[in-house]
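Residue-level listing of the chains:
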Amino acid sequence: MQRNTHNIQAERQEFSLLELNRLVKGVICDRLAETYWVRAEMSDVCMNAASGHCYLEFVEKNLVTGQIVAKARGNIWAKTFRMLKPYFEMETGQAFFSGIKVLVKVTVEFHEVYGFSLTVIDIDPAYTLGDMLRKRMEIIRKLQEEGVYTLNKELTLPELTTRIAVITSSTAAGYEDFMNQLIRNNRGYTFYTKLFPAVMQGEKTESSIITALEQVYRYIDYFDVVVIIRGGGATSDLNSFDSYLLAANCAQFPLPVITGIGHERDDTILDLVAHTRMKTPTAVAEFLVHRMDQAAMELEELQQGVSTMTKTILQQEKNVLQSMAARLPVVILNRIEQHRVLLQFLGTRFPMASSGLLSGKRAGLEQLSQRLQQVSRAKLAEASQFIQLTEQFMKLASPDYILKRGYSLTWREGKLVKKASDLSLGDHLVTRFSDGEIHSKVE
């Protein structure tokens, strides 16, 4: 047993960690090429202010799940980084920070202490530009498929755009230029502005502007338009305005959105979905003032039109009155003459007409008198007959008439007895005949 253990120990080769790491380093140096072009996404980009070196991680993600499937530590030494960073940002218009896909030329290194790493010696901006363009086209296509791409452009911009919600940084030079141009307009127009502060560069731009839009929406009835402006700055800062969420929020915002992000050459996706895109904050202010000029010109034209029309109508009416004034004496004389002739004609016919009228009325009164007499006699005869019949009926219905016909009437205690069953023994009765009455008692 001791012999077997000794043989195993003799066959087993042991290494210290340093020895193993040196072995790995040697294998990598011997087996791998000097440089490789690698596609990856940058993560955790950090520049050391003291040394000027840039430290980062390169990652690769699953296209479906987004999970990291590979990771490597990266370095860009200060001498290379000072040239590489401005070159990349100038060519791509994209800031050099995390989340960007790049094609980099690297050397593969293994350090005994720091382990595996990739040292960047070159970068191909064309690859990043292609990826950025692809993402940009995907965002535009998605907005179009969702039917929101042109929604804000379809809104009607008010004729008098004076109530303005401004989204920008309160310290931005562009905001000051915008306000100066707006307030000090030559025509003295009054504009009402409200600043909704937002971060206009960097990773927080998207969420900050969306939050500002939500604040504007709470007071939407107080504004005519939303202005998103930004002063000058690096073209790389425009990447934040190529955001799907920001573009979707602006495209669907119920007020017209005007952008003035400060670049003449580049159109961001936010510019594409906005109602109106201007080059700079100053240009946005000039646009708003110009709209007021147009409205003022239209009002002046309307005023001139009303004035001209009023003068025309007054002149026409004056001409009519003058014509009537010239014709009025002749018309009056003609009317007077017509009425004079009519009065003469009536004067000649009046005695004859009045005589005939009186004769007709007299004959009518005589006819009415005769009819009244006839009707009166008929009514009197009818009333006399009714009285006679009533008198005869009352006579026949009287008790005396009934008693004379052989009938009698019997009372008990002053009440007429109608039935024998109403009587009781001992009742005193009074019976009346036509020639007198008798008293009796029931036994």
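1. Re the sheet that holds strand β9 (residues 257–260)
Right, so step 1: The strand order across the open sheet formed by 5 strands is β7-β6-β8-β9-β10, and the pairing between neighbours is parallel. In the strand order of this sheet, the two ends are held by β7 (192–197) and β10 (276–278), each with one partner. Adjacent strand axes in the sheet meet at a mean angle of 20° when their direction is disregarded.
Right, so step 2: Packed on one face of the sheet, helix α6 (residues 205–218) meets β6 (163–168), β7 and β8 (225–229) and runs near 160° to β6.

2. With respect to the pairing of strand β13 (residues 428–433)
Right, so step 1: Bridge count between strand β11 (residues 409–412) and β13: 3 bridges; the pairing is antiparallel. The residue bridging threonine 410 from the neighbouring strand is threonine 431, located in β13.
Right, so step 2: Here 6 bridges tie β13 to strand β14 (residues 436–441), and the two strands are oriented antiparallel to one another. Bridge pairing in β14 places histidine 428 opposite lysine 441.
Right, so step 3: Turn length for the β13-β14 hairpin, with the two strands adjacent in sequence and antiparallel, is 2 residues.

3. Notes on the sheet that holds strand β12 (residues 415–416)
Right, so step 1: Spatially, 4 strands are ordered β12-β11-β13-β14 in an open sheet, and the strand pairing comes out antiparallel. Sheet topology places β12 and β14 at the edges, where each strand pairs with a single neighbour.

4. A closer look at the nonpolar core
Right, so step 1: Within the largest apolar cluster, 34 residues are counted, with the highest numbers of intra-cluster contacts made by Leu143, Ile167, Ile209, Val216, Val226, Ile228 and Phe241.
Right, so step 2: Going through the elements one at a time, α4 (125–145), β6, α6, β8, α7 (244–251) and α8 (269–273) are the ones with two or more residues in this core.
Right, so step 3: Non-local contacts of phenylalanine 241, meaning those with residues more than four positions away in its chain, are made with Met200, Thr205, Ile209, Arg230, Leu246, Ile261, Thr268, Ile269 and Leu270.

5. Points about the packing of α6 against α7
Right, so step 1: Their axes nearest at 9 Å, the elements α6 and α7 cross at an angle of 20°. When the interaxial angle is binned, α6 and α7 end up roughly parallel. In the packing of α6 onto α7, the handedness of the crossing is left-handed. Between α6 and α7, the contacting residues are Glu206, Ile209, Ile210 and Leu213 on the first element and Leu245, Leu246, Asn249 and Cys250 on the second.

What counts and what doesn't
Residues numbered from 1 in each chain as written. Predicted model: local features only at pLDDT ≥ 70, side-chain atom pairs only at ≥ 80, totals over all residues. Heavy atoms only, no water. Pairing = 2+ DSSP bridges. Helix = DSSP H or I, 4+ residues; strand = E, 2+ residues; numbered from the N terminus. Axes fitted to C-alpha atoms, helices over the stretch in contact; angles between N-to-C directions. Contact = heavy atoms within 4.5 Å. Core = buried A, V, L, I, M, F, W, Y, C linked by side-chain atoms within 4.5 Å. Buried < 20%, exposed > 50% of the residue type's maximum accessible area, 1.4 Å probe, protein only. Parallel < 35°, antiparallel > 145°, perpendicular 65-115°, else oblique. Left-handed = near helix turned anticlockwise from the far one by under 90°.

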